[in-house]
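These are the residues of each chain, in order.
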Amino acid sequence: MDTKSLMDSVLSYVKEASAIMEDSHFDVHEKDGYANICTSADTSIQQLLHRRLSALLPGCGFICEEDDVYDPDHEYVWIVDPIDGTANFARGIPDCAISVALWSRTGGMLIGVVYSPFRRMLFRAEKGCGAFLNDRPIHTSDRPFADSILCTALSLYHKEYAGICSGIIMEAFPLCNDIRRFGSCAMELCYIACGLCDLFFEYRIMPWDHAAASLILQEAGGVITGRDASPLQFVRPTILVGANTPENHAVLNDIVTRHT
């Protein structure tokens, strides 16, 4: 498969879709209570990307956040989050992004694109080709755990897990520099990829939240796994543990595994 030509097309489609994000006119509705919302921009972007990507790779499957689009039983599957960080987007907070990944059942994650139009940050990676921010090669930091920033959350959509998350955060906090919560998994993982932050944990993450950014982080030299250093899952929710270095990942993974 020629991932270079595919990447060029994906970048074009994502930039086309970003015009919808930058349009200030959108409606907001709840999907499952006020903590989980969707906007008309989410729906319009997903429809556009589904249409463009279906034509780009006929016979492919899709896993998308909106409208229960879940069809993973194909060799090639597009994993799409039309807006990761919808709550931020709806409030005018710029930490939100379009996320598109191409996953192969036999070849793993092949392409990852995360674009934040309000931050003007375009992250991309092809398997085995490194990671880039606005066409500049990026790499994770080499900060030790004690000087690291941990990105995390309290399981917003399943608040019954907040106690578990709190235990992990409270054990990690004295060992690291500080904690951040940006409200977009894709952006947080990309911030680690380019050296702004260093550690990541969330208890229940969906495939569209991390698929593209996980490849970007790995291609930038980072480590990202499930609980107990298990392989990443792309067809169901997962615990996610990421870090800038293998050493820091081992420390954070030990904390997460013991609490879960």
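Refer to the structure above for everything that follows.
Being a predicted model, the structure only gives us computed values, none of them experimental.

Would you explain helix H1 (residues 3-22) in this entry?
Spanning 20 residues, H1 covers 28 Å between terminal C-alpha atoms, matching the ideal 28 Å at 1.5 Å per step. Taken residue by residue, H1 has Thr3, Leu6, Met7, Val10, Leu11, Tyr13, Val14, Ala17, Ser18 and Met21 as its buried positions. Here the buried face of H1 lies against helix H2 (40-56), strand E5 (76-84), helix H3 (86-91), strand E6 (97-104), strand E7 (108-116) and strand E8 (121-126). The N-cap of H1, judged by a side-chain oxygen 3.2 Å from the amide nitrogen of Lys4 a few residues on, is Asp2.

Help me understand unusual backbone geometry in this model?
Leaving glycine out, the prevailing phi sign among residues is negative, and the prevailing peptide bond configuration is trans. Here Asp228, not a glycine, exhibits a phi torsion of approximately 60°, which is positive. By the element assignment, Asp228 lies in the loop between strand E14 (223-225) and strand E15 (238-243). Positioned with a positive phi, Ala229 is a non-glycine residue whose angle comes to about 60°. When its relative accessible area of 45% is taken as the criterion, Ala229 is described as partly exposed.

I'm lost on the nonpolar core in this one. Help?
In a soluble, globular protein the nonpolar side chains are often hidden away together inside. Core analysis: the biggest nonpolar cluster contains 40 residues, and Ile79, Val114, Phe123, Ile138 and Ile216 have the highest contact counts within it. For Ile216, the contacting residues outside a window of four places in its chain are Gly112, Val113, Val114, Phe123, Arg124, Ala125, Ala131, Ile138, Cys190 and Ala193. Within the second largest apolar cluster, 31 residues are counted, among which are Val10, Ala17, Trp78 and Val80.

Explain the pattern of salt bridges here, please?
Side chains that differ in sign of charge can pair as their charged atoms come close. Summed over the entire model, instances satisfying the criterion amount to 10 salt bridges. In this structure, the salt-bridge partner of Arg119 is Asp95, at a minimum N-O distance of 3.2 Å. In this pair, Arg119 sits in the loop between E7 and E8 while Asp95 sits in the loop between H3 and E6, placing the two residues 24 residues apart along the sequence.

I would appreciate a short explanation of the environment of Ile45 in the present structure.
With respect to the helices and strands, Ile45 occurs in helix H2. Taking the relative accessible area as the measure of exposure, Ile45 reaches 0% and is therefore buried. Between the alpha carbons of Ile45 and Ile83 there is a distance of 8.0 Å; along the sequence they are 38 residues apart. Discounting residues that sit within four places of it in the chain, Ile45 has contacts with Ala17, Ile20, Met21, Pro82, Ile83 and Ile98.

Mind showing me how you'd approach the sheet that holds E14 here?
Adjacent strands of a sheet pair through backbone hydrogen bonds, lying either parallel or antiparallel. Spatially, five strands are ordered E12-E11-E13-E15-E14 in an open sheet, and the strand pairing comes out mixed. Where the open sheet ends on each side, the last strands, each with one partner, are strand E12 (178-180) and E14. Looking at each pair of strands side by side, their axes are set apart by 15° on average, direction ignored. The sheet contact formed by strand E11 (residues 149-152) and E12 spans three bridges and is parallel. Bridge pairing in E12 links Ile149 to Asp178. Docked against the sheet, helix H6 (residues 207-219) engages strand E13 (199-205), E14 and E15, running at close to 150° with respect to E14. Contacts from helix H7 (residues 246-259) reach E11, E13, E14 and E15 within the one sheet, and its direction differs from that of E15 by about 145°.

Is there a simple way to think about the side chain of His210 in this case?
Secondary-structure assignment places His210 in helix H6. Since its relative accessible area comes to 0%, His210 is described here as buried. Once you skip the residues sitting within four places of it in the chain, His210 turns out to touch Cys185, Leu189, Ile205, Gln233, Phe234, Thr238 and Leu240.

Cut-off values and rules
- Residues numbered from 1 in each chain as written.
- Predicted model: local features only at pLDDT ≥ 70, side-chain atom pairs only at ≥ 80, totals over all residues.
- Heavy atoms only, no water.
- Helix = DSSP H or I, 4+ residues; strand = E, 2+ residues; numbered from the N terminus.
- Expected span 1.5 Å × (residues − 1).
- Buried < 20%, exposed > 50% of the residue type's maximum accessible area, 1.4 Å probe, protein only.
- Contact = heavy atoms within 4.5 Å.
- Polar contact = N/O pair within 3.5 Å; in protein donor to acceptor, adjacent residues only side chain to side chain.
- Core = buried A, V, L, I, M, F, W, Y, C linked by side-chain atoms within 4.5 Å.
- Salt bridge = Lys/Arg side-chain N within 4 Å of Asp/Glu carboxyl O.
- Pairing = 2+ DSSP bridges.
- Axes fitted to C-alpha atoms, helices over the stretch in contact; angles between N-to-C directions.

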